[in-house]
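So you can see what is in the structure, the chains are spelled out below.
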Amino acid sequence: MIKAVIVDDEIDAVFSIELIINEYCSDVIIVGKANSAIEGKNQILKNKPDLVFLDIDMPRGTGFDMLEMLPEKNFDVIFVTAYSDFAIKAFKYSAVDYILKPIEIDNLINAVKRVQKKRASNTTNSAINYEVLMENIKDNRSKKIIISNSDGIEFVEVSDIIRFQAEGSYTQIFLSDGVQILVSKHLKEFQDLLTEDKFYRPHNSHLINLANVKRYVQRDGGYIVMKDNSEVPISRRKKDLFIDIMSKFIY
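Rules used throughout
Residues numbered from 1 in each chain as written. Predicted model: local features only at pLDDT ≥ 70, side-chain atom pairs only at ≥ 80, totals over all residues. Heavy atoms only, no water. Core = buried A, V, L, I, M, F, W, Y, C linked by side-chain atoms within 4.5 Å. Buried < 20%, exposed > 50% of the residue type's maximum accessible area, 1.4 Å probe, protein only. Helix = DSSP H or I, 4+ residues; strand = E, 2+ residues; numbered from the N terminus. Contact = heavy atoms within 4.5 Å. Salt bridge = Lys/Arg side-chain N within 4 Å of Asp/Glu carboxyl O. Polar contact = N/O pair within 3.5 Å; in protein donor to acceptor, adjacent residues only side chain to side chain. Pairing = 2+ DSSP bridges. Axes fitted to C-alpha atoms, helices over the stretch in contact; angles between N-to-C directions. Phe/Tyr/Trp six-rings, centres within 6.5 Å; stacked < 30°, edge-to-face > 60°. Lys NZ or Arg CZ within 6 Å of the ring centre and 35° of its normal.

Digging into the nonpolar core
Working step 1: Among the nonpolar cores identified, the biggest contains 22 residues, and Ile17, Ile21, Phe53, Ile78, Ile103, Leu108 and Val112 are the most heavily contacted of them.
Working step 2: Only β1 (2-7), α1 (11-24), β2 (28-34), β3 (51-55), β4 (76-81) and α5 (105-121) provide two or more residues apiece to this core.
Working step 3: Excluding its chain neighbours within four sequence positions, the residues that come into contact with Val112 are Ile21, Cys25, Val28, Phe53 and Ile78.
Working step 4: Listed in part, the 20 residues of the second largest apolar core include Val52, Leu70, Phe75 and Val77.

Regarding the pattern of salt bridges
Working step 1: The final tally for this structure, using the stated rule, is nine salt bridges.
Working step 2: Between Asp76 and Arg119 there is a salt bridge; the shortest N-O distance is 3.4 Å. You can see Asp76 sitting in strand β4 and its partner Arg119 sitting in helix α5, a full 43 residues away along the chain.
Working step 3: For Arg119, a relative accessible area of 30% translates into the label partly exposed.

Side note on the side chain of Ser36
Working step 1: Turning to its location among the elements, Ser36 is positioned in the loop between β2 and α2 (37-47).
Working step 2: What makes Ser36 buried here is its relative accessible area of 4%.
Working step 3: Separated by 3.2 Å, the side chain of Ser36 and the backbone nitrogen of Glu39 make a polar contact.
Working step 4: Residues in contact with Ser36, not counting those within four places in the same chain, are Val7, Met58 and Arg60.

Some points on the sheet that holds strand β13 (residues 213-217)
Working step 1: Pairing within the open sheet is antiparallel, and its three strands lie in the order β13-β14-β15. Where the open sheet ends on each side, the last strands, each with one partner, are β13 and β15 (231-233). The mean inter-strand angle of the sheet, taken between neighbouring strand axes irrespective of direction, is 25 degrees.
Working step 2: Here β13 runs beside strand β14 (residues 223-226); their pairing, made up of four bridges, is antiparallel. Bridged to Tyr216 within β14 is Ile224.
Working step 3: Strand contacts of helix α8 (residues 239-248): β13 and β14, with the helix running at about 140 degrees to β13, the strand carrying the most contacts.

Regarding the environment of Arg219
Working step 1: Tracing the sequence through the fold places Arg219 in the loop between β13 and β14.
Working step 2: Taking relative accessible area as the criterion, Arg219 reaches 55% and is therefore assigned exposed.
Working step 3: A distance of 3.3 Å separates a polar atom in the side chain of Arg219 from a polar atom in the side chain of Tyr223.

A look at the packing of aromatic side chains
What characterises a pair of aromatic rings is the spacing of the ring centres plus the angle enclosed by the ring planes.
Working step 1: Per the counting criterion, the structure on display carries five aromatic pairs.
Working step 2: Aromatic side chains Phe164 and Phe190 sit 4.7 Å apart centroid to centroid with 25 degrees between the ring planes, which places their arrangement in the stacked category. Separated by 26 residues along the polypeptide, Phe164 in strand β8 (residues 161-167) and Phe190 in helix α7 (residues 187-194) bring together distant segments of the chain. The same class applies to Phe164 and to Phe190, which are both buried.
Working step 3: Geometry around Phe174 places Arg163 over its ring, the cationic atom sitting 3.9 Å from the centre.

Observations regarding unusual backbone geometry
Working step 1: In this structure, Pro102 follows Lys101 across a cis peptide bond, with omega equal to -5 degrees.
Working step 2: For Pro102, the location among the structural elements is in the loop between β5 (97-100) and α5.
Working step 3: Of note in the backbone geometry, Lys48 takes a positive phi value of approximately 50 degrees without being a glycine.
Working step 4: On the accessibility criterion, Lys48 (59% relative accessible area) is exposed.
Working step 5: One non-glycine residue with positive phi stands out, namely Asn229, at about 70 degrees.
Working step 6: Within the secondary structure, Asn229 sits in the loop between β14 and β15.

Printed below as a string of structure tokens:
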């Protein structure tokens, strides 16, 4: 059984979450509710939950403020928010779950299932995830992403990523220091996450960091040379767009 606390200044939101949990999530029990960051902190210290449903934008301290008040963060969080696109992006980078307001039943149920899956596989490391999240939030731009693989959890600076290469249902990540990380995620997942950070997919099997492009070679059908001297093929139909993007790229 997963013990949960709800922290949200909107009474209707608290009611909706509790109603959905009671109706659809039989493995979750609500052990505390709060309407402010201070009350939330007290409920967490008192009830020691496994999971917290946390609003961000509250009038007497944000959800981030509440997390910083806690000496230990040994619980999972599902952020429940109508927050900015930037914050949503920071959540994704930091492998922290969230659902958007107005709350939809399926979204909340799926978020709970993801938490249950992480807990069952022992892949959750909440304190570290929140540390990266707070760093990205405070810096006002996402700089790190969390990558889980068979060896553990890697914290990767976006600027250190040279490129990604699809390997079937896996993706190989190439870093500027020569390190390679193999993860069980499709390339499309990284493309969706990093597209706004000037990453480009020149070929079905490759996603590159444009800041780490060294040159473009026209011979042999055309290919891209990265800063680590790796050569990346480029699809014929993507050559013109790539050249146009690079001509406007700001380093």
